[in-house]
Structures are given as C-alpha cells and as structure tokens.
Amino acid sequence: MSSEHDTHESHGIRGYVIVALILAVITYVEFAIIEYEIAWLGPGAILFWLIALSLAKFVMVIAYFMHLKDDDATYTGFFTSGMVIGFGTFVAFTFLMTLPASLPEIRQAALTVSQPAHGEAEGDGYGGGYGGGISEETRAAIESDGYSRPLSDVLREGPPKDQTLRVTPPAAASDGWTVALSTPAFGAARAEAAPAGDEAPAPAEAAPAPTDAEPAPDEAAQATEVASFDPAAAEAAYTANCASCHQANGAGLPGAFPPLAEHFPTLVASDAGRTYVISSLLYGLQGEIEVQGMTYAGVMPAWGYLGDDVLANTLNHAATAWGNEALLADDFTPFTPEEVAAQRDGGLTAADVYELRNALDLP
Amino acid sequence: MAADAPATATPSVPAHGWRSSKLPDMKLMMWIFLASDIMFFGTLIGTYLIYKGRSLTGPYPQDVLDIPLTTVSTFVLLMSSFLMVIALDALKRNDIGKFRLWTFGVAFFGAIFLGFQVYEFNHFVDLGLTLQGNLFGTTFYVLTGTHGVHVAIGVLWLLSIVVASYVRPWTSKDATNLEVAGLYWHFVDVVWIVIFTLVYLVDFVPGAGG
C-alpha cells in the first residue's frame, strides 16, 4: 500500500494543495455571500448556493482527504448508510414535529375525498369522521343556511356564531349520519343541562372517537348539551397541539406543565382572564406561575401560527373537558375564532402575557 | 460477508482464525464508528433546525453569532485537515521529522479552533445566551459543544501520537495508525463544514433567518 503511494507522492501532495485551496476559496465565497449582502441573489438562491457550496466541501474532504474516492467501497458503504439513516431520522422527525400544524389542511383534504359509507368514516383517528354518509339533502340544507358557505367550510370552521352544528351517529347500522344546524343559546342550554347533574365531559357528539371511554349520553342529554362548537373538533385540536404537555386528561405534569383540569374555569371566569388565555396561546408565556400550590417555571410556546378556529377549539376543549364544564360560570360562552382573531396583532411578548396573568385576581 | 460459515473457508483465511475482511481492522472500525457518529450529529443538527426560530426570548442567533470570527476558525480547521494529509504523506515516505512537525501542527490548529470556541462561548454567555435560557441556547450549545469535545479528543489523540513517536520511533509501517486518527480528524472537520453553514451562515440569509 505504501509502495503504491511512494510512486506518486509529489503528485499526491500537489493534489492535496489544490483541494485545500479550493476549500479555502469556497469558505471565503460563503463568507462573502453573507457578509456583503449580495442583493441580486434572492434568499432562495443564497440558501441554495450556501448548501451547494458546503456540500461540495463536504464531498471533497471525504473523497480526497479521507481517500474514500480511491479506497475500498466497504468504507463508503458503511459511511453512506450512516448518512442515509441520519438524514432519514431528521426527515421523519421534522415531519412528525410539523404535522400537527397542518392538521386542518389534512382534514380539509380528507373532506374533499369521497367518503366511504357511514360508520367507516369514524376510524380516521382524529375524531373527524364528519362528512361520512351525509346525504345530499342534508348537504343542501346546511349550505342553504343563508351564510352561503360550503359544507366543508362549516365543518372545518364551525357553524355560524348563533347556530349549532349537530352531527348524530347512526342509530342503526342501516341508518346514515345526520347533520343539522340549530340555534339554541349556549348559556341557556347549559343552564338546562347543569341541573340534570350531568357532569360528564362534553361528549364527542359529532363523531365519537373510537377510544372515547365515556359512555355516550342518551339522546335527551345530547339535545340539551349542545354547544356552539364541535366537541370532537375541539378534542382533536387539543390532542394534536396541547396534550403532549398538558396531557390528554388535562392534569399536566407536576413541576413542568400546569394542569388545566379544575383550573382552566377559574382563568376564564373574567373577561381579563379570557384575554389572558387567548394571549397565552397567541404569544406564549414565560415566567414562574403557581397553580394549585405548585410552582411552574416551564415555557409555553407561542401557537399563533395555528388557525383561529383551531385555537378556539383547544380553549373550548380545556373549558369543557375533564369535568371543567361544571365549574364554568353560568354566563360562560364558548370561545369563537373571531374572539381569537381579535387579539392577533397585539404584538405581545411571552413576558407581557406573564404580566397579564399576574394582573388577574386568581384564587 | 460476515455470515460466511467457517466451513466455506478459502485459502485467504489464516490458520489462527477467520477474518471477514482483508481490510485493516482499525480502519474499518473507524469508518463504522464514523457512520454511527454522523447519525449522532445528524440528530443534533436536526434538533437544532427543528427548534430554530422557536425561541421565546433572546438572544436570537442574529444577536450573537459573529460570521467573520467563525469564518476564521472554520478556515483554521480546514487547514488543519490539509496538514493532516501532509503529515500522513510524510510518514508514508518515512520522513519522520516532517511527520512529527505536521502532526503537531494539526493538533496546534485544533487547539486554536478550540480557543476560538472558548472565546465564543464566553462572549455568548456575557450576551445572555445560556444553556437553559432559550431553545436556541440549548440546541446551539449542545450541538457545538459536542463538536468541540470531538475536536478536543482529536487534539489529545494527535499529541499522544507525537509523544508516542518519540517513545518508539514510528516508520511507514505505522501509517495506518495515523491514517485512522486522520479519518477521525477529517470527519470532525466535515461536521463543522455542515454546522458552519446550517447554524451560522443560514441565519443571516435575508428572510430565511429565525
């Protein structure tokens, strides 16, 4: 092996010098691209060239300095598989981390695909399933509600503020799902429901998730428990975006993430409290807080990149799930996308939100 | 290959046991290690990129990163890689004096790089960027710190080679020992090439920063 190198040592060194010079020049070009703000190159082009140049350096060092170009292919095989696995992990991880943010689009896409017959639509895992087996008459009835919105928009964004969308599962296997709009006042409906002693979490009425352990309330309870938001969509929004920290049961993680169960209703008892919880979603929260006798110094990220409807849904789920509904003030009204939208562009920081919280009169 | 049963032994199999490969064990092991190490760095870089732009409070990358300074330290590391191949070439030609000089040079350049990093970390902490302060600090320090540890290990390894060459004079027969250390060193350089672009430069692309 060494004798083989002895024969062209000077040639080898000259090659190394050339490679080193090219590496140095590339590094300078990369530096120059950033330092001298080359205006005629767009951001996309700059990004492309930076990555292309560093890739060139990467390949040159490996091929020439590490001799992979002329060495046994076994080495290349091992190293390449390591790179592929590493890059694959990165891609999969990125996809997982960004998936929740694109859920509304995925749901929208699912709605535009023709659905299988009733019943099967339950299994999409996000408590979605609306749209399954909706008859043409029902579709026409909803779309002629005077708001001129396609059914898919009604399902995605929620019904008009003063109306309620009710999607009822089939009573028998031969029946279809029924979808109807009604206009009860939420407060009145709740006042009606509360004396009945039904403190069960808001049932996933529109489409019960397969995992929902709560016994389905009877038909009468469903009729009175109607809220002007879709509990299934609310639960799906919460599960996708909040449950990893605050947990599916709203209990949080002691010392790290505060509980929402038995706590959220005290936050939203006042208008200032409603403003605060919306702000905490839009702008995040940073600072030490105390909930139920425990101190929390974790960080709440800003969720403003999510849609108004998704944010309103998460708030409504937190307000009504886990027995929270029974703790709400009688005049509580569900959060609406409009209420969330009104607080966008507030330009708050996570620290400002902390001040908002401190200003609340919390027990 | 490794699954071949001893029964299928060929004349190339030595009597004292069979080998799965005619490649030098040390070199093969180093490449396998590097394959695992690139997965390790892949996840660290991936984590940095995923959390990029999600810090709630400053300092943000544009507030602290110093491109001219890091360009110089990147250049130093690149040139150390060049010295590494020159040192290996010298050893293969049995030019022990040059081999020692260049190997020491590699370690010296590596130490300069570490010096830049120590200065940088100190400066960043003064600016308020800490490991626990925000997501940028956490992911940045873990990634560049892990790389710095790799460089430090490389410097110690190369210095130990220089010392060893005085204890027992090295010849061209020892070239594989140096080559393996060189593979490790070049790999550390390659990782820095990626970090320099994805962590440092990209933050200053107009509109693409976070």
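Quick caveat: nothing in here was measured; it's all calculated off a predicted structure.

Rules and cut-offs
Residues numbered from 1 in each chain as written. Chains lettered and ligands numbered in written order. Predicted model: local features only at pLDDT ≥ 70, side-chain atom pairs only at ≥ 80, totals over all residues. Contact = placed C-beta atoms within 7 Å. Helix = DSSP H or I, 4+ residues; strand = E, 2+ residues; numbered from the N terminus. Nonpolar A, V, L, I, M, F, W, Y, C, P; charged D, E, K, R; others polar. Core = buried A, V, L, I, M, F, W, Y, C linked by C-beta atoms within 7 Å. Buried ≥ 20, exposed ≤ 12 C-beta atoms within 10 Å, placed from the backbone. pLDDT = per-residue confidence, 0-100.

**Describing the interface of chain B and chain A**
The interface of chain B with chain A comprises 48 residues on the first partner and 49 residues on the second. Those elements that provide at least two residues to the side of chain B that touches chain A are helix H1 (25–50), helix H3 (67–92) and helix H6 (175–200) of chain B. Counting residues per element, the side of chain B that touches chain A draws most heavily on H3 of chain B, which supplies 14 residues. The residue makeup of the side of chain B that touches chain A, split by class, is 30 nonpolar, 13 polar and five charged.

**Here we look at the nonpolar core**
The tendency in soluble globular proteins is for nonpolar side chains to be buried as a group. Among the nonpolar cores identified, the biggest contains 74 residues, and Ala87 and Val106 of chain B are the most heavily contacted of them. Listing elements by their share of this core, those giving two or more residues are helix H2 (9–35), helix H3 (43–65) and helix H4 (73–98) of chain A together with H1, H3, helix H4 (96–126), helix H5 (135–167) and H6 of chain B. In terms of residue count, the dominant contributor to this core is H6 of chain B (17 residues). For alanine 87 of chain B, the residues in contact, after removing those within four places along its chain, are Phe99, Trp102, Thr103, Val106 and Leu178 of chain B. If you look at the next biggest cluster of nonpolar residues, it comprises 38 residues, including Ala236, Phe264, Leu267 and Leu315 of chain A.

**Quick notes on the confidence of the model for chain B**
Residues and elements named next belong to chain B. On average, residues of chain B score 87 in pLDDT, and 88% of them reach the 70 mark or higher. Predicted confidence for residues 1–9 stays below pLDDT 50, and this span has five contacts to residues more than four positions away or in other chains. Reported for the predicted complex are a pTM of 0.55 and an ipTM of 0.82.

**Notes on unusual backbone geometry**
Trans peptide bonds make up most of the peptide bonds, and negative phi angles are found at most residues other than glycine. Unusually for a residue other than glycine, histidine 67 of chain A sits at a positive phi of about 60°. Mapped onto the elements of the fold, histidine 67 of chain A is located in the loop between H3 and H4. The phi dihedral of asparagine 94 of chain B falls on the positive side, at around 65°, and the residue is not glycine. Within the secondary structure, asparagine 94 of chain B is located in the loop between H3 and H4.

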